[in-house]
Amino acid sequence: MKKILLALVAMFAITLAANAADYRLDESAIDAVIENAVAVSPSSIMGELNATMHSNASLSAGTVNSAAAIILNFFLGGFGVHRHYMGTRPWMWAIYTVTVFGIFGVVPFVDFIVMIVALVEDGSVGRYCGDTRFIMWG
Amino acid sequence: MAARNFILFLSLAVCLAAPAAAQRRVSASAQVQTVMDGKVTTVTKEVYCSANGRLVTVFHSPELSYIISNPKGEVQIYRPSAKEVISEVKEDFSDRDDLLYLFLTGRVDDMELAGYGYKLVSSKQEEGGIIRKAYRCDEPGRIPRVELVTENFLPIYLAYIDGGGKVVSKTWFTQYLKLPRFFLPARVTNVSYTTSRDSVITRTTYSDVKVDPDSPLFDFQVPADARLVPLNKRK
């Protein structure tokens, strides 16, 4: 009986510890990740963007303007505006609006980074146009 | 006599409190750091939030820009360098769930989840003033489960969980600042799990928080000579 009781107490303690770990943050670990990451400047990204925009002006005629898509993402990405600009399902804005709250703009920020990469590699964000998935880079 | 005095006191308190609440404004600088694939980008902005929900956000990088929004969904983006303004009105662009606005107006009980169709399904009280609440939403397009943990009635943890039980994102609210009439987390950290192995970390740090400062930016208006650019214009 004592052993059963002790086991139950141990399980309860472990559960409590696990649950406690869920909602407590190790800020020093996050500090370390940020300190060890390579800093990328938004200004440098926009500098490259402007240069690419000028060199690809003819490609944007009659199609989605890649620079506009990226700028829309930067400022209104949390609302999924850039996705509608590039073509997607009619309700995409709803998902972005909700998940911005929960994910605090991370998904649109990842969109921003992958669109920059596409612009550098392909010269446009065409690969993401018409994508109906919420995670267009998934 | 005592009852009459109490009613008088209560009426006075309400009269004094109401205009004070309506006049509340808060400004802050925010640094947003995002880490992905070993790279970190830092964006800083200044936010001017009024109790009526009007939000003016000023970005200095990559270029000076102003974003004005309100709970009605009216959004304007003004770029002084180009003298251009993008303007849109859509109820879903409402900033009613902006963090600063939520804490300023004290609507942190459920972090506005009810407004998005989430219903409280369970609430458990634990030691140390901890309350764990579980929410559920069955509407299409919503992440079905949310867990909200509060400590002494202030949110400290928020997690979104998909239908398969996998955590999509976690957010921690820490380093609370005690301000006149409300509390504000000085640091908000989010981890989103993009794949089974990768994640994106976003950390927002608020500083230089001022309550009811005298700043004209709270009432910033786009100049009348700014050129209006339609949101859905394609070049």
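**Structural notes on the overall build of chain B**
Move 1: Helix and strand counts for chain B stand at 2 helices and 14 strands.
Move 2: Here chain B holds 235 residues, and the buried ones make up 29% of them.
Move 3: Restricting to contacts in chain B with at least 6 residues of sequence separation, those with at least 24 account for 38%.

**Some thoughts on the overall build of chain A**
Move 1: Helices and strands together make up the secondary structure of chain A, namely 8 helices and 1 strand.
Move 2: Out of the 138 residues belonging to chain A, those deemed buried represent 37%.
Move 3: In chain A, once contacts between residues fewer than 6 apart in sequence are set aside, the share between residues at least 24 apart is 55%.

**Things to note about the confidence of the model for chain B**
Move 1: Per-residue confidence for chain B averages 83 on the pLDDT scale, and 83% of its residues sit at or above 70.
Move 2: Predicted complex metrics record ipTM = 0.75 and pTM = 0.68.

**Some words on the nonpolar core**
Move 1: Within the largest apolar cluster, 37 residues are counted, with the highest numbers of intra-cluster contacts made by Cys49(B), Leu100(B) and Val146(B).
Move 2: The element contributing the most residues to this core is helix H2 (residues 99-104) of chain B, with 6 residues.
Move 3: With 14 residues, the next largest nonpolar core counts Ala68(A), Tyr85(A), Leu119(A) and Tyr128(A) among its residues.

**Let's talk about the pairing of strand E6 (residues 84-89) of chain B**
Regular strands show a simple pattern: their side chains alternate between the two faces of the sheet.
Residues and elements named next belong to chain B.
Move 1: With 6 bridges joining them, strand E5 (residues 74-79) and E6 adopt antiparallel strand pairing. In the sheet register, Arg-79 faces E6, and the bridge partner there is Glu-84.
Move 2: Connecting E5 to the next strand, E6, in antiparallel fashion are 4 residues, including Lys-83 with a positive phi near 50°.
Move 3: Where E6 and strand E14 (residues 227-229) come together, 3 bridges link them in parallel fashion. Within E14, the residue paired with Ile-86 across the bridge is Val-229.

**As for the pairing of E5(B)**
Residue and element names in this part refer to chain B.
Move 1: The pairing of strand E4 (residues 65-69) with E5 spans 4 bridges and is classified as antiparallel. Within E5, the position partnered with Ile-67 by the bridge is Ile-77.
Move 2: In this antiparallel pair of consecutive strands, E4 and E5, the connection spans 4 residues, and Gly-73 shows a positive phi of 95°.

**A short note on unusual backbone geometry**
Residue and element names in this part refer to chain B.
Move 1: Although it is not a glycine, Gln-175 adopts a positive phi angle of roughly 55°.
Move 2: Residue placement: Gln-175 occurs in strand E11 (residues 167-179).
Move 3: Since 14 C-beta atoms lie within 10 Å of it, Gln-175 is described here as partly exposed.
Move 4: The phi angle at Asp-208 is positive, at roughly 50°, despite the residue not being glycine.
Move 5: Checked against the element boundaries, Asp-208 lands in strand E13 (residues 200-211).
Move 6: For Asp-208, a count of 10 C-beta atoms within 10 Å gives the class exposed.

**Details of the confidence of the model for chain A**
All names here are of chain A.
Move 1: Residues with a pLDDT of 70 or more make up 46% of chain A, whose mean pLDDT is 65.
Move 2: Here helix H4 (residues 57-60) stands out as the least confident element of chain A, with mean pLDDT 39; helix H2 (residues 27-36) is the most confident, with 93.
Move 3: A low-confidence stretch, residues 52-62 stays under pLDDT 50, and its non-local contacts, those more than four residues away or across chains, total 10 contacts.

**A short note on the environment of Tyr116(B)**
Move 1: Along the chain, Tyr116(B) falls in the loop between H2 and strand E7 (119-126).
Move 2: Along the backbone, Tyr116(B) and Glu139(B) are 23 residues apart, and their C-alpha atoms lie at a distance of 9.2 Å.

**Considering the environment of Ser123(B)**
Residues and elements named next belong to chain B.
Move 1: Secondary-structure assignment places Ser-123 in strand E7.
Move 2: Between the C-alpha atom of Ser-123 and that of Leu-148, which follows or precedes it by 25 residues, the distance is 9.5 Å.
Move 3: Residues in contact with Ser-123, not counting those within four places in the same chain, are Ile-131 and Lys-133.

Rules used throughout
Residues numbered from 1 in each chain as written. Chains lettered and ligands numbered in written order. Predicted model: local features only at pLDDT ≥ 70, side-chain atom pairs only at ≥ 80, totals over all residues. Helix = DSSP H or I, 4+ residues; strand = E, 2+ residues; numbered from the N terminus. Buried ≥ 20, exposed ≤ 12 C-beta atoms within 10 Å, placed from the backbone. Contact = placed C-beta atoms within 7 Å. pLDDT = per-residue confidence, 0-100. Core = buried A, V, L, I, M, F, W, Y, C linked by C-beta atoms within 7 Å. Pairing = 2+ DSSP bridges.

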